[in-house]
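Architecture at a glance
Next come the chains, spelled out residue by residue.
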Amino acid sequence: MLKLNNSYFLGLLAGISVVFIWSFWLVVTRSGVSSTLTIYDFAAFRYGLSSLIALPIVLYYKPWQTISLFRICVLTFLLGPVYILCVFSGFVNAPAAHGGIFMNGLMPVITLLFGFILFRQKIFLQQTLGASIILLGAFLVVFDGINLSFSNAWIGDLFFVTGAIFFSIYVILSRLWNITMTQLLLCGSVINAFLYLPIWWYLLPHGFIGVPRDILTLQMIYQGFVPNLIGIFFITYASQQIGSASISAILSAVPPIGSVLGLIILNETLGFYGWLSLLLITPGILAVVLKKG
């Protein structure tokens, strides 16, 4: 019994850690786009540095032997430069809080819709109400951004929504195809590193020359290792120990915590409608992910 309780506690701790990892990632990325670093540099950090750890693991376990070429291509595209550059482009135009709201907030709704359209998964009344509340909250955020100093925030919001669509499709397919951690490392890090890094080095603009060392180090560590390696490991472990529904509920805290961190660290405040949207989105997410069987 003691071992079971310890496992649950560690899983809960891992889930809470992911909340803060993702929330701080919103702020770190938003602060990074105000430097001379380009979104293409961020993508290079993400794929290049993470592949340094992923490559030995992939070579040892050989996950390409247990997954078809078609699935490798699909997953590599969904987790590739188009997806991550859309996400980073969102931070160029919109505050950190919008990233949490439109990615973490809308993702359950998008996943719900794709699950219904593609696989005829049943949608419960509770989930429909939750999705409606989330969409209302998202509308309030757009309205809030227009009325504040973020006049181009709606452009960033569209990029965030696009990124959420990519990742939502990945989530659905990863469940359908039972994607393992090593297969994820192969498609998400290693292959994309080999595809993207030469293009970035020879064709895309760089901005890392002359960047203060502390800023460069922070962005390299956070973009390269923290959310897409440590975060994925923690969320995988937490899902195994406390269940996917529980971890989804815990992750609903990302939008409000990300918004508060954006206010404290970046001095990016939301208006009345922005804070109201957070009061709607978090319970809306809970209504979607904690469905009644």
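Above this text sits the structure in question.
Report follows, based on the coordinates. (Residues numbered from 1 in each chain as written. Predicted model: local features only at pLDDT ≥ 70, side-chain atom pairs only at ≥ 80, totals over all residues. Heavy atoms only, no water.)

In terms of regular secondary structure, the protein is built from 14 helices and zero strands. Listed N to C, the secondary structure of the protein is α-α-α-α-α-α-α-α-α-α-α-α-α-α in terms of helices and strands. A compact globule built from 293 residues would reach a C-alpha radius of gyration of about 19 Å, and the protein, at 19 Å, matches this within 12%. Its C-alpha atoms give the protein principal-axis dimensions of roughly 50 × 45 × 40 Å. Considering the protein as a whole, with its 293 residues, one finds that 49% of them fall into the buried category. Restricting the contact set of the protein to residue pairs at least 6 apart, pairs at least 24 apart contribute 90%. (Helix = DSSP H or I, 4+ residues; strand = E, 2+ residues; numbered from the N terminus. Rg over C-alpha atoms; globule rule 2.2 N^0.38 Å. Buried < 20%, exposed > 50% of the residue type's maximum accessible area, 1.4 Å probe, protein only. Contact = heavy atoms within 4.5 Å.)

Taken across its 10 residues, helix H5 (residues 96–105) has 10 buried, putting it largely inside the fold. Those residues of H5 not exposed but buried are Ala96, Ala97, His98, Gly99, Gly100, Ile101, Phe102, Met103, Asn104 and Gly105.

Taken as a whole and assessed by the stated rule, the structure comprises 14 aromatic pairs. Measuring from ring centre to ring centre gives 5.4 Å for Trp25 and Phe91, while their planes differ by 90°; the resulting arrangement is edge-to-face. You can see Trp25 sitting in helix H1 (residues 2–32) and its partner Phe91 sitting in helix H4 (residues 81–93), a full 66 residues away along the chain. For the residue pair Trp25 and Phe91, the accessibility class agrees, reading buried in each case. Between Phe167 and Tyr170, the ring centres sit 5.4 Å apart and the planes meet at 45°, which makes this aromatic pair tilted. (Phe/Tyr/Trp six-rings, centres within 6.5 Å; stacked < 30°, edge-to-face > 60°.)

Taken together, the side chains of Tyr8, Leu12, Ile16, Phe20, Phe24, Val260, Leu263, Ile264 and Ile265 make up a nonpolar region of the molecular surface, amounting to roughly 760 Å² of accessible area. Of all the secondary-structure elements, those providing two or more residues to the nonpolar patch are H1 and helix H13 (254–266). It is H1 that provides the largest number of residues to the nonpolar patch, a total of five residues. The topology assignment puts Ile265 in helix H13. Taking the relative accessible area as the measure of exposure, Ile265 reaches 46% and is therefore partly exposed. (Patch = residues over 30% accessible without salt bridge, like charges linked within 9 Å, V, L, I, M, F, W, Y side chains within 5 Å. Areas by Shrake-Rupley, 256 points an atom, 1.4 Å probe, with all protein chains shown as cover. Salt bridge = Lys/Arg side-chain N within 4 Å of Asp/Glu carboxyl O.)

What follows is about the side chain of Asn192. When you line up the elements, Asn192 lands in helix H9 (residues 181–203). Within the structure, the side chain of Asn192 is placed 3.2 Å from the backbone oxygen of Thr76, a separation counted as a polar contact. Those residues in contact with Asn192 that lie beyond four places of it in its chain are Tyr47, Thr76, Leu79, Gly80, Pro81, Cys187 and Leu197. (Polar contact = N/O pair within 3.5 Å; in protein donor to acceptor, adjacent residues only side chain to side chain.)

It is worth spelling out the side chain of Arg30 at this point. Inspection of the secondary structure assignment puts Arg30 in helix H1. Within polar-contact distance, the side chain of Arg30 engages the backbone oxygen of Phe91 at 2.5 Å.

Our focus in this paragraph is the packing of H5 against helix H6 (residues 107–119). The N-to-C vectors of H5 and H6 enclose an angle of 25°; their axes lie 5 Å apart at closest approach. On the basis of the axis angle, H5 is roughly parallel to H6. Every residue of H6 that contacts H5 at Met103, Asn104 and Gly105 is listed here: Met107, Pro108 and Val109. By residue class, the composition of the contact of H5 with H6 is four nonpolar, two polar and no charged. (Axes fitted to C-alpha atoms, helices over the stretch in contact; angles between N-to-C directions. Parallel < 35°, antiparallel > 145°, perpendicular 65-115°, else oblique. Nonpolar A, V, L, I, M, F, W, Y, C, P; charged D, E, K, R; others polar.)

Before going further, it helps to examine helix H2 (residues 39–61). An α-helical turn contains 3.6 residues, so a residue and the one three or four places further along point in the same direction. The end-to-end C-alpha separation of H2 is 32 Å, in line with the 33 Å expected for 23 residues at 1.5 Å each. The largest bend in H2 amounts to roughly 45° and is located at Leu52, with the proline Pro56 lying one to four residues further along. Immediately downstream of H2, the backbone of Lys62 shows phi near 50°, a positive value. (Expected span 1.5 Å × (residues − 1). Bend = angle between axes of the 7 residues up to and from the residue.)

Counting residues in hydrophobic clusters, the biggest one holds 78 residues, and the most contacted among them are Trp25, Ile84, Phe91 and Met103. Ignoring any residue separated from it by four or fewer positions in sequence, one finds Met103 in contact with Trp25, Leu26, Val87, Phe91, His98, Phe160 and Ala164. (Core = buried A, V, L, I, M, F, W, Y, C linked by side-chain atoms within 4.5 Å.)

For the rest of this paragraph, the subject is unusual backbone geometry. Despite not being glycine, Lys62 shows a phi value in the positive range, around 50°. Take Lys62: it is sitting in the loop between H2 and helix H3 (69–78). Lys62 sits in the partly exposed class, given a relative accessible area of 35%. One non-glycine residue, Asn178, lies in the positive phi region at around 55°. With respect to the helices and strands, the residue Asn178 is situated in the loop between helix H8 (153–176) and H9. On the accessibility criterion, Asn178 (60% relative accessible area) is exposed.

Here we come to the packing of H2 against helix H10 (residues 213–224). Running from N to C, H2 and H10 point in directions that differ by 60°, and their axes come no closer than 7 Å. Between H2 and H10, the angle is such that the two are oblique. Note that H2 runs across H10; the crossing there is right-handed. Listed contacts from H10 to Phe42, Phe45, Arg46, Leu49 and Ser50 of H2 are Leu216, Gln219, Met220, Gln223 and Gly224. Tallied by class, the residues present in the contact of H2 with H10 amount to five nonpolar, four polar and one charged. (Left-handed = near helix turned anticlockwise from the far one by under 90°.)

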